[in-house]
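Inside the fold
Each chain is listed here by its residues.
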Amino acid sequence: MNSQNILLGVSGGIAAYKAPELVRRLTERGATVQVVATQSALEFVTATTLQAVSGRPVRSSLWDPAAEAAMGHIELARWADQVLIAPATAEFMSRLAAGGAADLLSTLCLASEAPLTIAPAMNRVMWAHPAVQANREILERRGVRIVGPDAGDQACGEQGLGRMSEPDAIAALMFAGEALPGRQGPVRPAAISKSRPLAGKTVLITAGPTHEAIDPVRYITNRSSGKMGYALAEAALLAGARVILVSGPVNLATPAGAERVDVESAEDLYKATHAHIKGTDIFIAAAAVADYQLQQVAKHKIKKSQVEISLELTRAPDTLASVAKLSPGPFTVGFAAETTRLRDYARGKLQNKNLDMIVANQVGPDEGFDKDDNAVEVFWPTGEKSFPKALKTELARDLIALIAERYQERLNASTQPDLPALSSRP
Ligand SMILES: Cc1cc2nc3c(=O)[nH]c(=O)nc-3n(C[C@H](O)[C@H](O)[C@H](O)COP(=O)(O)O)c2cc1C
């Protein structure tokens, strides 16, 4: 258990009703939580409830002589190892962006050197408003970590992007153990535990299909839904990693805390991966990247004037092979989706591309793509393991555990020169 001091700021959105659950999720992970609520927040959730779950009186006013005498606001700002604002209203984001200090919570945010994470929650139209997006950008540039919002049903009866991320996901992120970006130094390092074997590690995951343009309106793609890659991102976050998710076009919500980079084509995916690969410990290539792209993309829509047309294709860049060639490079995991001779092709790809591990799955009309479950065979240079059919979310957790184990072994082997290396890669 890790005993962080977390200052939880609750601002006045409808999602404040989730704040008591968030306190529980943080305290059960070992945190000491001090709640600071805005006046508006107390219209949605009572100080009594928040005090009962946190075990500490809730602070809400700058002008409270008794509270100031017990722990002044500057002292409170120094006490925090991390500051989390959940939910963060549009109004609170604007105060943060402007550097306002008219109330206790915004004053604390200015006075604290602790890493700041916010979980915005608001109506989807509010979230999409240029003013809110401009504030988001300012905060991001300043190193504030922004979790969510998620897509889904909203309290106002609408559907869209604006829901606060789930308390469990936010809490898991607060314990990710990585050095957070921004003004401050690293979070007090979390103990590497069995449940968080990737704490302090950066994992880059590619997910989804690619679109290879034929002309301005048409493209070639494949049946990948991105579900496996997204499940792996979620599992890696829960294992404590910082996750960069390079995603092809999919219809999935970003896992809370993942840094998502959207791409379209194999070429984009190659560039985005290489732009973020430096400092990455583990690379998981779960995207179904096109092997071929158009030799020449038509500038204008191809007209239906001929009976037959031919499309000239050429090899698309091979991101996986290029990352596997990096030296020093991350622990590299490939995926192979095959319709026949699964084991042979997978073992061949492991060897030819010089990977640390390959996850192979049989695809066909009822298997693999766009399904919620999957069965896979995993191979690495010195072993293999079968995973029977399971939900992709469960499978992802098992795969991340295995990847963390093999990664650690490679690390141990490279720091013990007398022992034979498990992988031929450095
Ligand atoms: C019923 C109701 C629900 C609201 N829900 C939200 C919300 O989800 N997100 C938001 O940004 N503002 C919401 N607001 C508006 C905020 O409460 C308002 O902007 C307030 O000034 C925020 O103050 P604070 O940021 O100091 O907590 C809501 C207001 C009402 C009356």
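Residues numbered from 1 in each chain as written. Predicted model: local features only at pLDDT ≥ 70, side-chain atom pairs only at ≥ 80, totals over all residues.

Overview of the overall build of the protein
- Within the protein, the secondary structure is distributed over 14 helices and 19 strands.
- Here the protein has a C-alpha radius of gyration of 24 Å; the compact-globule value for 426 residues is 22 Å, and the two agree.
- Its C-alpha atoms put the protein at 80 × 65 × 35 Å along the principal axes.
- Across the 426 residues that make up the protein, the buried fraction comes to 45%.
- A sequence separation of at least 24 residues applies to 68% of the contacts in the protein between residues at least 6 apart. (Helix = DSSP H or I, 4+ residues; strand = E, 2+ residues; numbered from the N terminus. Rg over C-alpha atoms; globule rule 2.2 N^0.38 Å. Buried ≥ 20, exposed ≤ 12 C-beta atoms within 10 Å, placed from the backbone. Contact = placed C-beta atoms within 7 Å.)

Examining the sheet that holds strand 2 (residues 32-37)
- In space, the five strands of this open sheet follow the order 2-1-3-4-5, with parallel pairing throughout. Only two strands of the sheet have a single neighbouring strand rather than two, namely strand 2 and strand 5 (145-146).
- Alignment of strand 1 (residues 5-10) against strand 3 (residues 82-88), held across four bridges, turns out to be parallel. Within the sheet, the bridge partner assigned to leucine 8 lies in strand 3 and is leucine 84. (Pairing = 2+ DSSP bridges.)

Concerning the sheet that holds strand 8 (residues 202-207)
- Sheet architecture is open: eight strands sit in the order 12-11-8-13-16-17-18-19, paired in mixed fashion. Each edge of the open sheet carries a strand with a single partner, namely strand 12 (259-262) and strand 19 (383-391). Taken pair by pair, the neighbouring strands of this sheet meet at an average axis angle of 15 degrees, ignoring direction.
- Sheet analysis places strand 8 next to strand 11 (residues 242-247), joined by six bridges and oriented parallel. Each residue of the ladder has a partner; that of valine 203, found in strand 11, is valine 243. (Axes fitted to C-alpha atoms, helices over the stretch in contact; angles between N-to-C directions.)

Topic: the site of the ligand
- Close to the ligand lie 15 residues, the nearest being Gly12, Gly13, Thr38, Ser40 and Thr89.
- Here the shell around the ligand takes three residues from helix 5 (residues 90-98), the largest share from any one element.
- Of the residues contributing to the shell around the ligand, the split by class is eight nonpolar, six polar and one charged. (Near = placed C-beta within 6 Å. Nonpolar A, V, L, I, M, F, W, Y, C, P; charged D, E, K, R; others polar.)

Digging into the pairing of strand 18 (residues 373-380)
- In this structure, strand 17 (residues 357-362) lies alongside strand 18, joined through three bridges in antiparallel fashion. The residue bridging valine 359 from the neighbouring strand is valine 378, located in strand 18.
- Here strand 18 runs beside strand 19; their pairing, made up of seven bridges, is antiparallel. Paired with tryptophan 380 across the two strands is glycine 383, which belongs to strand 19.
- The hairpin formed by strand 18 and strand 19 contains two residues between the paired strands.

Considerations on helix 9 (residues 167-174)
- With seven of its eight residues buried, helix 9 lies for the most part within the structure.
- Three or more residues of helix 9 are buried, namely Pro167, Ala169, Ile170, Ala171, Ala172, Leu173 and Met174.
- Packing partners of the buried residues in helix 9 comprise strand 1, helix 1 (19-27), strand 3, strand 4 (116-120) and helix 10 (227-238).

Quick look at the environment of proline 249
- Here proline 249 is to be found in the loop between strand 11 and strand 12.
- Each C-alpha atom, one on proline 249 and one on leucine 96, is 32 Å from the other, the two residues being 153 residues apart in sequence.

With respect to unusual backbone geometry
- Residue proline 149 is bonded to the preceding glycine 148 through a cis peptide linkage, with omega at 5 degrees.
- Mapped onto the elements of the fold, proline 149 is located in the loop between strand 5 and strand 6 (150-153).
- In this structure, proline 328 follows serine 327 across a cis peptide bond, with omega equal to 0 degrees.
- Its place among the elements puts proline 328 in the loop between helix 12 (319-324) and strand 16 (331-338).
- Even without glycine at this site, arginine 341 takes up a positive phi of about 40 degrees.
- Here arginine 341 shows up in the loop between strand 16 and helix 13 (342-352).
- One non-glycine residue, asparagine 354, lies in the positive phi region at around 60 degrees.
- Within the secondary structure, asparagine 354 sits in the loop between helix 13 and strand 17.

A few points about the environment of leucine 252
- Assignment of secondary structure puts leucine 252 in the loop between strand 11 and strand 12.
- Setting aside residues up to four positions removed in sequence, leucine 252 forms contacts with Gly226, Lys227 and Tyr230.

Here's the deal with the domain arrangement of the protein
- Taken domain by domain, the protein holds domain 1 (5-174) and domain 2 (202-298 + 309-415).
- For domain 1 and domain 2, the distance between their C-alpha centres works out to 35 Å.
- In this complex, domain 1 contributes 10 residues to the contact, which on the side of domain 2 involves five residues.
- Among the secondary structure elements, those contributing two or more residues to the side of domain 1 that touches domain 2 are strand 6 and helix 9.
- With four residues, the top contributor of residues to the side of domain 1 that touches domain 2 is helix 9.
- Residues of the side of domain 1 that touches domain 2, tallied by class, amount to six nonpolar, two polar and two charged. (Domains from an automatic or database assignment.)

Structural notes on the nonpolar core
- Ala86, Ile205, Leu232 and Ala236 are the most contacted members of the largest nonpolar core, which has 115 residues in total.
- Residue assignment places this core across two domains, with domain 1 (5-174) and domain 2 (202-298 + 309-415) each supplying three or more.
- For isoleucine 205, the contacting residues outside a window of four places in its chain are Gly229, Leu232, Ala233, Ala236, Val243, Leu245, Ile284 and Ala286. (Core = buried A, V, L, I, M, F, W, Y, C linked by C-beta atoms within 7 Å.)

Digging into the environment of serine 94
- Following the sequence through the fold, serine 94 ends up in helix 5.
- For the pair formed by serine 94 and leucine 326, sequence separation is 232 residues and the distance between their alpha carbons is 43 Å.

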